[in-house]
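What follows is the residue order along each chain.
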Amino acid sequence: MVKYETDKVMTWCSNCGNFGIQNALTRALVLEDMERNDFLLCFDIGCNGNAADKFEAYTIHGLHGRVISLAAGAALANERMKVIAFAGDGATFSEGVNHLVHGIRNNYNMVFIHHNNENYGLTIGQASACTRKGVKMNGTMDGVVVDPINPVEFALNMGPSFVARGYSGNVDQLTDIMRAALNHKGFAFVEVLQACPTYNRSTPDAWYGERMKDISELKGYDRGNLEQARRVAADMDKDIYSGILYVNESKQDLLSLQKSREGAKTQLVDEVKFYDVSELM
Ligand code: SF4
């Protein structure tokens, strides 16, 4: 674990679910024996993004809602590094939802960790597109009046190659999910449900603790069956299943589909050259 630690002090509130997510990621990277130059961490704006300078690794802190496009560019340029992107529910399903659609559809070879605390925590607790109906937040004092987006259901409807749901309170399972995501060739969508004890009182850890179920305990579950995954993912209130919910290994990532890259021995980043355009000017 020491491998990626810095002496910077983490600024998250105590008992924030982000600690569990950071812990699982660090464990997954160590268990996969990844050195610092084997991966790139790309952070969006949000509480999750405050981890950007807390890893002794290559990190980028991008614009709000744009982390998938930023990370996809890096993933296309250099497949020698595993690109891992992070964004909260605000950035993912409001500012940047268009990027998620095309990230999944194009199956960029990257991991996307979706921190879902069901609110905009960094800006002191406004409702996001994932806040539950009826919940009172700053700015919606009478309660949210529309139904929330279910992130896993959304991802399953975009033709994905890998969809998982974890919970920040189950670090062992989340570590396994992240290890599988790191080894997946294509866009690995990982939703992580997490408590925000400071601003979202509707779904504390005790609430999740009563409802989270491991998909490995569901008899006959087939992670290659999209319809079954959709049925299981729909329940976000009673039995909330976590684990790797869907995998389609036959879907190729975008670069693998490019005729121009067939037989290429170099990465795109190796092929960057200077061209003299002064005559054209
Ligand atoms: Fe965590 Fe919520 Fe505090 Fe943000 S506001 S650091 S999500 S507890």
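Rules of the game
- Residues numbered from 1 in each chain as written.
- Predicted model: local features only at pLDDT ≥ 70, side-chain atom pairs only at ≥ 80, totals over all residues.
- Heavy atoms only, no water.
- Helix = DSSP H or I, 4+ residues; strand = E, 2+ residues; numbered from the N terminus.
- Rg over C-alpha atoms; globule rule 2.2 N^0.38 Å.
- Buried < 20%, exposed > 50% of the residue type's maximum accessible area, 1.4 Å probe, protein only.
- Areas by Shrake-Rupley, 256 points an atom, 1.4 Å probe, with all protein chains shown as cover.
- Lys, Arg positive; Asp, Glu negative; His and termini not counted.
- Charge placed at Lys NZ, Arg CZ, Asp CG, Glu CD.
- Patch = residues over 30% accessible without salt bridge, like charges linked within 9 Å, V, L, I, M, F, W, Y side chains within 5 Å.
- Salt bridge = Lys/Arg side-chain N within 4 Å of Asp/Glu carboxyl O.
- Phe/Tyr/Trp six-rings, centres within 6.5 Å; stacked < 30°, edge-to-face > 60°.
- Core = buried A, V, L, I, M, F, W, Y, C linked by side-chain atoms within 4.5 Å.
- Contact = heavy atoms within 4.5 Å.
- Near = heavy atom within 4 Å.
- Nonpolar A, V, L, I, M, F, W, Y, C, P; charged D, E, K, R; others polar.
- Pairing = 2+ DSSP bridges.
- Axes fitted to C-alpha atoms, helices over the stretch in contact; angles between N-to-C directions.
- Expected span 1.5 Å × (residues − 1).

Undergrad: Got a sec to walk through the overall build of the protein? Specific residues and values, please.
TA: The number of helices and strands found in the protein is eight helices and eight strands. Here the protein has a C-alpha radius of gyration of 19 Å; the compact-globule value for 281 residues is 19 Å, and the two agree. Taken along the three principal axes of its C-alpha coordinates, the protein extends 65 × 45 × 40 Å. Here the protein holds 281 residues, and 49% of them are scored as buried. In the form shown here, the protein has an accessible surface area of approximately 13600 Å², with 53% of it arising from carbon and sulfur atoms. Each charge sign in the protein was given a centre, from 28 positive and 35 negative side chains, and these centres are 3 Å apart.

Undergrad: I'd like a description of a nonpolar patch on the surface, backed by residues and values.
TA: On the surface, Tyr-275, Val-277, Leu-280 and Met-281 cluster together into a nonpolar patch covering about 570 Å² of accessible area. Here Leu-280 shows up in the segment after β8 (240-247). The exposure class of Leu-280 is exposed, given its relative accessible area of 76%.

Undergrad: Please give an account of the packing of aromatic side chains that cites residues and values.
TA: Applying the stated criterion across every chain yields a total of eight aromatic pairs. Taking the centre distance of 5.3 Å and the plane angle of 85° together, the rings of Trp-12 and Phe-19 count as edge-to-face. Both rings, one in Trp-207 and one in Tyr-208, keep their centres 5.3 Å apart while their planes meet at 90°; by these two values the pair is edge-to-face. Classification of Trp-207 by relative accessible area gives buried; the value is 17%.

Undergrad: Break down unusual backbone geometry for me, citing the residues and quoting the values.
TA: A positive phi is found at Asp-33, a non-glycine position, where the angle reads about 60°. Relative to the helices and strands, Asp-33 resides in the loop between α1 (18-31) and β1 (39-43). A relative accessible area of 56% places Asp-33 in the exposed class. Residues other than glycine seldom take positive phi values, yet Glu-118 does so here, at roughly 60°. Tracing the backbone shows Glu-118 in the loop between β4 (110-116) and α5 (151-156).

Undergrad: Outline the nonpolar core, supporting the account with residue identities and numerical values.
TA: Looking at soluble globular proteins, one finds that nonpolar side chains tend to be buried together. Counting 34 residues, the largest nonpolar core has Leu-100, Met-110, Phe-112, Phe-187 and Phe-189 as the members making the most contacts within it. Looking at this core element by element, the count peaks at five residues for helix α2 (residues 67-77). With sequence-adjacent residues up to four places away left out, Leu-100 is seen in contact with Ile-68, Thr-92, Phe-93, Phe-112, Phe-154, Phe-187 and Phe-189. Cys-16, Ala-24, Ala-51 and Ala-164 belong to the second-largest nonpolar core, a separate cluster that totals 33 residues.

Undergrad: Residue-level account of the site of the ligand, with values.
TA: In the region of the ligand, the neighbouring residues are Trp-12, Cys-13, Cys-16, Cys-47, Asn-117, Gly-121, Cys-196, Pro-197, Thr-198 and Tyr-199. Grouping the constituent residues of the shell around the ligand by class yields seven nonpolar, three polar and no charged.

Undergrad: I'd love a proper account of the sheet that holds strand β5 (residues 162-167), names of residues and values included.
TA: In spatial order, the strands read β2-β1-β3-β4-β6-β5-β8-β7; together these eight strands make up an open sheet with mixed pairing. What marks the edges here is a single partner per strand, and that holds for β2 (58-61) and β7 (212-214). In this sheet, adjacent strand axes meet at a mean angle of 20° when their direction is disregarded. Note that β5 and β8 share four bridges and pair antiparallel. If you follow Val-163 over to β8, its bridge partner there is Tyr-246.

Undergrad: Describe the environment of Glu-249, listing the residues and the values that go with them.
TA: Structurally, Glu-249 can be placed in the segment after β8. Taking the relative accessible area as the measure of exposure, Glu-249 reaches 62% and is therefore exposed. Each C-alpha atom, one on Glu-249 and one on Ser-161, is 6.4 Å from the other, the two residues being 88 residues apart in sequence.

Undergrad: Mind laying out α1, listing which residues take part and the relevant values?
TA: Working note: α-helix, 3.6 residues per turn, so residues spaced by three or four point in the same direction. The first and last C-alpha atoms of α1 sit 20 Å apart over 14 residues, in line with the 20 Å expected at 1.5 Å per residue. Among the residues making up α1, those that are buried are Asn-18, Gly-20, Ile-21, Gln-22, Ala-24, Leu-25, Thr-26, Ala-28 and Leu-29. Tucked into the core, α1 has its buried residues touching β1, β3 (82-88), β4, α6 (171-182) and β6 (187-193). Asp-33 occupies a position one or two residues after α1 and carries a positive phi of about 60°.

Undergrad: Report on helix α4 (residues 97-106), specifying residues and quantitative values.
TA: Within α4, the full set of buried residues consists of His-99, Leu-100, Gly-103, Ile-104 and Asn-106. Where α4 is buried, its residues contact α2, α3 (89-95), β4, α5 and β6. A positive phi of about 55° marks Asn-107, the residue just after α4.

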